[in-house]
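# A structural walkthrough
One-letter residues, chain by chain:
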Amino acid sequence: MDPAGRRAAAIARHLAAGALPVPPPLAAAAALLGPSPCLSYAPPESAENAPAFPPTELRALLDGHHLMERDWVFRVMEESQLFCPLQRGGGSRVFVAPDYNDGKEAQREATMRRIAHLAQRGVFRGWLTEPGAEVELRKLALLECLGVYDHSLAIKIGVHFFLWGSAIKFLGTKRHHDKWLLATENYDVKGCFAMTELGHGSNVRGIETIATYDSKAREFIINTPCESAQKYWIGGAANHATHTIVFSQLHINGKSEGVHAFVAQIRDEDGNVLPDIHIADCGHKIGLNGVDNGRIWFQNIRVPRENLLNFVADVLPNGQYVSVIDDPDQRFAAFLSPLTLGRVNIAVNSVYISKVGLAIAVRYGLSRRAFSLTPDDPEMLLLDYPSHQRRLLPLLAKVCLMSSAGNFMKKMYVKRTPEMSKAIHIYSSALKATLTWQNMITLQECREACGGQGLKTENRIGIFKAEFDVQSTFEGDNNVLMQQVSKALYAEFLAAQKKKKPFKGLGLEHLNGQNPVIPDKLTSSILRSSKFQMDLYCLRERDLLKQFTEEVSLHLAQGKSREKALMLSYQLAEDLARAFTERTILQIFLADEMNVPSGSLKEVLLLLRSLYVMVSIDESVSFLRYGYLSRDNVASVRNEVLKLCSELKPHALAVVSSFGIPDAFLSPLAFDWIEANALSTGSH
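Thresholds, definitions, all that
- Residues numbered from 1 in each chain as written.
- Predicted model: local features only at pLDDT ≥ 70, side-chain atom pairs only at ≥ 80, totals over all residues.
- Heavy atoms only, no water.
- UniProt positions renumbered as here; feature names shortened; annotations may be inferred.
- Helix = DSSP H or I, 4+ residues; strand = E, 2+ residues; numbered from the N terminus.
- Pairing = 2+ DSSP bridges.
- Axes fitted to C-alpha atoms, helices over the stretch in contact; angles between N-to-C directions.
- Parallel < 35°, antiparallel > 145°, perpendicular 65-115°, else oblique.
- Left-handed = near helix turned anticlockwise from the far one by under 90°.
- Contact = heavy atoms within 4.5 Å.
- Expected span 1.5 Å × (residues − 1).
- Buried < 20%, exposed > 50% of the residue type's maximum accessible area, 1.4 Å probe, protein only.
- Salt bridge = Lys/Arg side-chain N within 4 Å of Asp/Glu carboxyl O.
- Polar contact = N/O pair within 3.5 Å; in protein donor to acceptor, adjacent residues only side chain to side chain.

## Let's talk about the UniProt feature "domain: Acyl-CoA oxidase C-terminal" (unreviewed entry) in the protein
In the numbering used here, UniProt assigns the "domain: Acyl-CoA oxidase C-terminal" (unreviewed entry) feature to residues 534–666. Spanning residues 534–666, this segment combines 78% helix with 0% strand, and its end C-alpha atoms are found 35 Å apart.

## Here we look at the pairing of strand β4 (residues 210–214)
Note: β4 against strand β5 (residues 219–223), five bridges, orientation antiparallel. Considered in β5, the bridge of I210 is made with N223. What sits between β4 and β5 in their antiparallel hairpin is a turn of four residues, with R218 showing a positive phi close to 55 degrees. Examined bridge by bridge, β4 and strand β7 (residues 243–252) share three bridges and lie parallel to one another. When the bridges of β7 are listed, T212 appears paired with H251.

## As for the sheet that holds strand β9 (residues 277–281)
Across the sheet, three strands lie side by side as β6-β10-β9; this open sheet has antiparallel pairing. Edge strands, defined here as strands with exactly one partner in the open sheet, are β6 (231–235) and β9. Across the sheet, the mean angle separating the axes of adjacent strands is 35 degrees when strand polarity is ignored. Summarising the sheet, β9 and strand β10 (residues 293–298) pair through five bridges and their orientation is antiparallel. Note that in β10 the partner of D281 across the bridge is G294.

## A few points about the packing of helix α17 (residues 530–557) against helix α19 (residues 570–594)
Working note: a packed helix pair is described by the angle between its axes plus the distance between those axes. Orientation of α17 relative to α19, taken along the N-to-C sense of each, is 150 degrees, at an axis distance of 9 Å. With respect to their mutual orientation, α17 and α19 come out roughly antiparallel. For the element pair α17 and α19, the recorded crossing hand is left-handed. Of the residues in α19, those in contact with S530, Q533, M534, Y537, C538, R540, E541, L544, L545, Q547, F548 and E551 of α17 are L572, A573, D575, L576, R578, A579, F580, E582, R583, L586, Q587 and L590.

## A look at helix α9 (residues 174–185)
Between its terminal C-alpha atoms α9 stretches 16 Å, which fits the 16 Å expected from twelve residues at 1.5 Å a residue. Residues H176, W180, L181, A183, T184 and E185 constitute the buried set of α9. Count one or two residues on from α9 and you reach Y187, which has phi positive near 65 degrees.

## Observations regarding the pattern of salt bridges
Here the structure, examined in full by the defined rule, presents 40 salt bridges. The partner of D663 in a salt bridge is R93, with the nearest N and O atoms 3.0 Å apart. Linking D663 in the loop between α23 (652–657) and α24 (673–676) with R93 in strand β2 (residues 93–96), this pair joins segments that are 570 residues apart in sequence. Residue D663 is classed as partly exposed on the basis of its relative accessible area, which comes to 36%. For D535, the salt bridge is made with K531, and the minimal N-O distance between the two is 2.7 Å. Here D535 pairs with K531, and both are found in helix α17, just four residues apart, close to one helical turn. Among the residues examined, K531 registers a relative accessible area of 59% and is labelled exposed. Where salt bridges share partners, they join K104, E105, R108 and D281 into one cluster.

## Things to note about the side chain of N289
With respect to the secondary-structure elements, N289 resides in the loop between β9 and β10. Judged by its relative accessible area of 5%, N289 is buried. Side-chain polar atoms of N289 contact the side chain of H284, separated by 3.4 Å. When near neighbours in sequence (up to four residues on either side) are disregarded, N289 contacts K104, Q107, R108, S152, G283, H284 and E467.

Below you can see the structure in the form of structure tokens.
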């Protein structure tokens, strides 16, 4: 319609609204402009094709274990008013989520009430008192589900069971087990873990708290000698913990024996802080306000000699120091063993949070429309835009492969032997860092992909960013952990050279063969080939390990110390650690993929795997920087990313459905977001 006609129609509408007679020509013009229909919500399931593969089978692969137990603990939370059920969308759906509008103290007390309810329902039964890998895997599965509900809940439980409880179990002996394990499992004792200090976090060896043995009284005197020695960020300390593990420098007759772990009571049965112990709150945080992080000072408190956790080392009544491990470095590493389980838990929990964010963002992208190709066309679904696919679907591929890596790490941990300690430390360090970093990237992209709705706390993704930011630094700063990975690989390289033996373990066996050869021209079929993908990742890893070793050797030849040489080579160290981790994740997923019979699920796994590899290449400059791929081949990789996104899009809904996260633990945004925001729904 021309401008004059539009103006005439507008005047006609005004006249019609005033009930005045409308001249026939104007009425005819107005009829051409009928009211446009409002947007209406259509569930993604109504428009998408039926799944090409059984989502239950993909869930079994991604969750890996204890699916029934996971569903049970989800129901335990859904059925209790303590978990803040909220009806949205005309009352047709109920969602559960903590009330983040509550103040710090209210959130903390809500966390404790939820823990008491879970304990009463038997969720924690056997977590410390029943032996076996199956019990440990069940414990990990349940904690992952609790973390999907609330990070504070998972961390509060994790500190109590996985740090305090694991320290008692694995660093203590029968006298400690008899006294504290059952009491810990029943929550009669509430434990915390006092390792980190104001002045020392990652550098545990440098902590300044001192435990001096008094042979006459047969007691240890624990003291905070300076402000930088105050125990800091101690989860559970500010309000609730009755006992703590205190990591201190052990002094006997003026000699330091290094860092050891002691049990100390910090509150009485009525919750009063004991004499000569001072506790202060760490204050309000950007997230995790349901955890009462506190600071602790010890003013020459006395604990019995028996409170030294003595599985690794002991002090006899006369003050003689004895240990089953002669080497001080190995002994120190043994004292840090409880942290390994913490890192395993953090890594797998971050994967599940990424799954929640992606399930919400993908469902929203399959129901939210914006813009149209022509004025007369309907608006397009967000996930029909190639750019939106490029934003979300590579993240979907990554989280699936990282699920496999998390399962591998858990199963390795629960079947651990002393000989596996080094490998478990390396894998848990690499995967904790990589998976938690990826979680933050995923949450940010999902938040943006949901527009302004992603900012609302009730839609979860935005608040998750603040709640899970801490994962990058607690239980080991990610950058430090990745440096440890490179140092460990360097040590493996030197040991193999010195002994003139082939590499064994950590997936490094590929170093024993010839250099892989990468084709000059990469076609789509080559790019999707698992052989090409592994060859490329192995080529990068072996070359970076060689370069890293040569650079360190050059610094050593210039007279620098080993530590200084490693420090100066940090750029290659970062690239090497990333290469090791990405090759590990791919190798683990390929092993899972091989166990899946031919069919639709296997085809989708190939898409997920190939997209993971292609986007990792596209995002990493190392393939161009070190010459593993030409510019033309990198361009081919980038084009392949777009093709893979387009092919994966029809499966996106089925993939997020396979995550096994109940609707109640997603958010209103994942379902009828129009009804959830309707005036009749009210303000939340």
